[in-house]
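# Topology and contacts: notes
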Amino acid sequence: MARPGSGLLVSVNGLGYPPQNLARVVVWEWLNEHGRWRPYTAAVCHHIENVLKGDARGSVVLGQVDAQLSPYIIDLQSMHQFRQDTGTMRPVQRNFYDPSSAPGKGVVWEWENDNGSWTPYDMEICVTIQNAYEKQHPWLDLTSLGFCYLIDFNSMSQTNRQSQRKRRLRRRMDLAYPLIMGSIPKSQSWPVGASSGQPCSCQQCILVNSTRAASNAILASQRRKLHGGTAGNAGAAGTHTVVRQSNTFAGTSFWSPTSSSTGTNNNNISLGGGQAKAEQVQLPLSAANFPCSPVMPSLSSAHGHHALTINGQNNLNRPGTQRISVGTARGTIPAGVPALPVKNLTGSGPVHPALAGMTGILMCAAGLPVCLTRAPKPILHPPPINKSDMKPVPGINGMRRKTKKKHLRRGKNPEDVVRRYTEKIKVVPDEDCTICMERLVMSSGYEGVLQHKGIKPELVGKLGKCGHMYHLLCLVAMYNNGNKDGSLQCPTCKTIYGEKTGTQPPGKMEYHVIPHCLPGYPDSKTIRIVYDIPAGIQTNEHPNPGKKFSARGFPRHCYLPDNEKGRKVLKLLIMAWDRRLIFTIGTSSTTGESDTVVWNEIHHKTEFGSNLTGHGYPDPNYLDNVLAELSAQGIGEDNLKD
């Protein structure tokens, strides 16, 4: 059997270089949210290598070679991929493989996903599969690579050894990855000289160049004013700093003071309103925010009155935001100069990080005060609570519920259910049945497909509450495709007949009062709900019977105000839990994972002390909204028992 990863020669997390006089195939990869390195296509890798040869510290606009990657930029200095529309940063790496391996031959191995499209394997796995294929092995076990899959080359399929689920796989030829010989020349010093060629016309460079011109104009204006103020009165008391014009954002010093004198009339840049207290501020001035100029500046002023220092280029290798230390003394802000705060610099607010950083630089250059604040973090949980402080919810018996076995029973006769909630129509109107889309005066579209002795295909019934009419055979077919729990739901107006139940797997629900207040409810304590559902095996009511399902993020904590309406919502949520309507098994909308426990159309507040994610407080409309969602599931206030 092929040795895993036998085609991989060098694995580096930066700009690695192969030994002298050896041919190597280069594959660029990015790190996904699951910790797997995913390869770029061969065409993208060729593009990156071409840019790397010209400027090893520049940036690569991926949209120039692949339209689907237009939001993405790779900064070669920090080795990160930056998405412009969301601000997301991911590490990238440059790997080397043997020219005789799969990437050197342009061989791509792919598996068929749930959407019917093809997904390429990680490059390490692709190399291993190709090695086994070339040696004419009948099968390949990927367990040694950390995957419980068995590759069958005869049937060209991949089998999950745990669930026994099979997927198709295929081998296709594509462009070979770039081949290099020996070592690459050392990176050029940044910035590249003015004689290096025509300026780039990409949007990032246009933004940088236009801002550079604006800052130079402001600095030139300041310099004229400062020179004009000192020419006629050289001995006057005061401090005037002569600022040198900046030619680029990427020098070792953005604005360097060239001369200064002592005095009391300081005219300095004010950060954070000029307060004397030093503080740590998060400012994402990374190369990813300014992809065509990855080396960021440092700003200082004479005598240490105000110092804003951005750590050196090595900090660009760290993912996430960069930290800068701001030490300020009380300065004088000229009258009439507005204080314009730039907040939420890490992207949690409406201000884009790149825009916020550029605004801060321009305002500093203009001598305007800038308020740099930390982006707030969501407060998901209350302070620690002793068990003795957890009290029962007033008016509600007990503090725990488990899934009731009676709601696990199925198998009610479809004909009896349909007849229970409908009445026969003697005069049938000439309109469509919205289930089969045939005319009601005609036979049901399920004639010949579905047969029931007591229901003829031409019979039409009217639902008792809403009055909508359908073929009775169509209602039977709709019932058979549902939970078969003895309830019907009108497909037109969603009116529920009977007691609707769901497919929530077994678990437990706990609820109690804690001695803390939610934002927006200062006079009320808090009801905390704790849901806990373990992983298990799917049953016949679930999407894939017999297959395992996962349960991520449990126990899940949710919060309600301990007032009259909050207790009413809790009573209805308990009823929804008993009817197995809170959760279901499906595909997660956040992670894309299938066969996992997900929320089921009844929103909960999982953020205790803030509302940064939209799942917290204050939210004055939440209780009314969740009451409407519960009503749509057939659980309304009229269901509450005294």
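Residues numbered from 1 in each chain as written. Predicted model: local features only at pLDDT ≥ 70, side-chain atom pairs only at ≥ 80, totals over all residues. Heavy atoms only, no water.

Moving on to the overall build of the protein chain. The helix and strand tally for the protein chain stands at nine helices and 33 strands. Expressed as a percentage of the 642 residues in the protein chain, the buried residues total 43%. With an accessible surface of roughly 32,700 Å², the protein chain has 51% of that area assigned to carbon and sulfur atoms. (Helix = DSSP H or I, 4+ residues; strand = E, 2+ residues; numbered from the N terminus. Buried < 20%, exposed > 50% of the residue type's maximum accessible area, 1.4 Å probe, protein only. Areas by Shrake-Rupley, 256 points an atom, 1.4 Å probe, with all protein chains shown as cover.)

Here we take up the sheet that holds strand β11 (residues 149-152). Within the open sheet, the six strands sit side by side as β9-β8-β13-β12-β11-β10. Their pairing is antiparallel. In the strand order of this sheet, the two ends are held by β9 (118-120) and β10 (139-141), each with one partner. In this sheet, adjacent strand axes meet at a mean angle of 30 degrees when their direction is disregarded. Its contacts with the sheet put helix α3 (residues 123-134) on β8 (107-112), β10 and β13 (166-173), and the angle it makes with β8 is roughly 105 degrees. (Pairing = 2+ DSSP bridges. Axes fitted to C-alpha atoms, helices over the stretch in contact; angles between N-to-C directions. Contact = heavy atoms within 4.5 Å.)

A separate point is helix α9 (residues 622-632). For α9, every residue scored as buried is listed here: Y622, L623, V626, L627 and L630. Within α9, the buried residues cover an arc of 135 degrees as seen down the axis, which keeps them to one side. One or two steps after α9, the chain reaches G634, where phi turns positive at roughly 85 degrees. (Arc of directions from axis to C-beta.)

Turning to the nonpolar core, a few remarks are in order. In this structure, M509, I529, Y531, L560, L570 and L573 are the most contacted members of the largest nonpolar core, which totals 40 residues. The set of elements that each furnish at least two residues to this core consists of β27 (508-514), β28 (526-532), β31 (556-561), α8 (564-578), β32 (583-586) and α9. When residues in this core are grouped by element, the largest group, eight residues, is from α8. Residues in contact with Y531, not counting those within four places in the same chain, are K508, M509, F554, P555, R556, C558, L573, W577, I582, F583, W599 and H604. (Core = buried A, V, L, I, M, F, W, Y, C linked by side-chain atoms within 4.5 Å.)

This part takes up the sheet that holds β31. Overall, antiparallel pairing links the four strands, which are arranged β21-β27-β28-β31 in an open sheet. Strands with a single pairing partner mark the edges of an open sheet, and in this sheet they are β21 (400-402) and β31. Taking each pair of neighbouring strands and ignoring which way they run, the sheet shows an average axis angle of 20 degrees. Relative to β28, β27 runs antiparallel, the two sharing seven bridges. When the sheet's bridge partners are listed, H512 is paired in β28 with R528.

This next bit is on the pattern of salt bridges. Close approach of charged atoms lets side chains of opposite charge pair. Counted according to the given criterion, the structure contains 25 salt bridges. Residues E134 and K105 are paired through a salt bridge, measuring 2.6 Å at the closest nitrogen-oxygen approach. Pair noted here: E134 is in helix α3 and K105 is in helix α2 (residues 102-105), with a separation of 29 residues, a long-range link. For E134, a relative accessible area of 37% translates into the label partly exposed. E510 is paired through a salt bridge with R400; the nearest N and O atoms lie 2.9 Å apart. Here R400 lies in strand β21 and E510 lies in strand β27, a separation of 110 residues in the sequence. Through salt bridges with shared partners, a single ionic network connects E110, R170, R172 and D174. (Salt bridge = Lys/Arg side-chain N within 4 Å of Asp/Glu carboxyl O.)

To continue, consider the packing of aromatic side chains. Taken as a whole and judged by the stated rule, the model has twelve aromatic pairs. Pairing W109 with F153 gives two aromatic rings, centres 5.9 Å apart and planes at 70 degrees, and the pair type is edge-to-face. Taken together, the residues span a long stretch of sequence, with W109 in strand β8 and F153 in the loop between β11 and β12 (157-160) at a distance of 44 residues. Judged on exposure class, the residue W109 and its partner F153 are both buried. For the ring pair Y531 and W599, a centre distance of 6.0 Å and an interplane angle of 80 degrees mean the geometry is edge-to-face. In this pair, Y531 sits in strand β28 while W599 sits in strand β33 (residues 596-599), placing the two residues 68 residues apart along the sequence. Overall, W599 belongs to the partly exposed group, its relative accessible area being 30%. (Phe/Tyr/Trp six-rings, centres within 6.5 Å; stacked < 30°, edge-to-face > 60°.)

In this section: the environment of V25. The topology assignment puts V25 in strand β2 (residues 23-31). Owing to a relative accessible area of 1%, V25 belongs among the buried residues under this scheme. Counting along the chain gives 71 residues from V25 to F96, while the straight-line C-alpha distance between them is 5.4 Å. Contacts of V25, omitting those with residues within four sequence positions, involve N95, F96, Y97, D98, P99, P103, G104, Y177, P178 and L179.

Below, the discussion takes up the side chain of T159. Summarising the element assignment, T159 is placed in strand β12. Discounting chain neighbours no more than four positions away, the residues touching T159 are C148, Y149, L150, Q164, R165 and K166.

In this section: the pairing of strand β7 (residues 89-97). Note: β2 against β7, six bridges, orientation antiparallel. Of the residues in β7, the one forming a bridge with V25 is Y97. Here strand β6 (residues 80-83) pairs with β7 via three bridges, running antiparallel. Its bridge partner being in β7, H80 is matched across the sheet by P91. From the end of β6 to the start of β7, which pair antiparallel, there are five residues, and G87 there has a positive phi angle of about 80 degrees.

The peptide bond linking F554 to P555 adopts the cis configuration, its omega dihedral lying at 0 degrees. Structurally, P555 is set in the loop between β30 (548-549) and β31. The peptide bond linking Y617 to P618 adopts the cis configuration, its omega dihedral lying at 5 degrees. Inspection of the secondary structure assignment puts P618 in the loop between β33 and α9. The backbone of M79 sits at a positive phi, close to 55 degrees, despite the residue not being glycine. Given the relative accessible area of 6%, M79 is considered buried. Backbone geometry places E601, a non-glycine residue, at a positive phi of 70 degrees. With respect to the helices, strands and loops of the structure, E601 is situated in the loop between β33 and α9.

Mean pLDDT for the protein chain: 73, with 65% of residues reaching 70 or above. With pLDDT under 50 throughout, residues 1-6 is counted as low confidence; its partners more than four residues away or in other chains account for 14 contacts. Across residues 184-199, confidence stays below pLDDT 50; counting only partners more than four residues off in sequence or on other chains, it has 21 contacts. (pLDDT = per-residue confidence, 0-100.)

Interaxial distance between α8 and α9 falls to 10 Å at its minimum, and their mutual angle equals 25 degrees. Considering their axes alone, α8 and α9 lie roughly parallel with respect to each other. Note that α8 runs across α9; the crossing there is left-handed. Here K565, G566, K568, V569, L572, L573 and A576 of α8 come into contact with α9, specifically with L623, D624, V626, L627 and L630. Residues that form the contact of α8 with α9 fall into these classes: eight nonpolar, one polar and three charged. (Parallel < 35°, antiparallel > 145°, perpendicular 65-115°, else oblique. Left-handed = near helix turned anticlockwise from the far one by under 90°. Nonpolar A, V, L, I, M, F, W, Y, C, P; charged D, E, K, R; others polar.)

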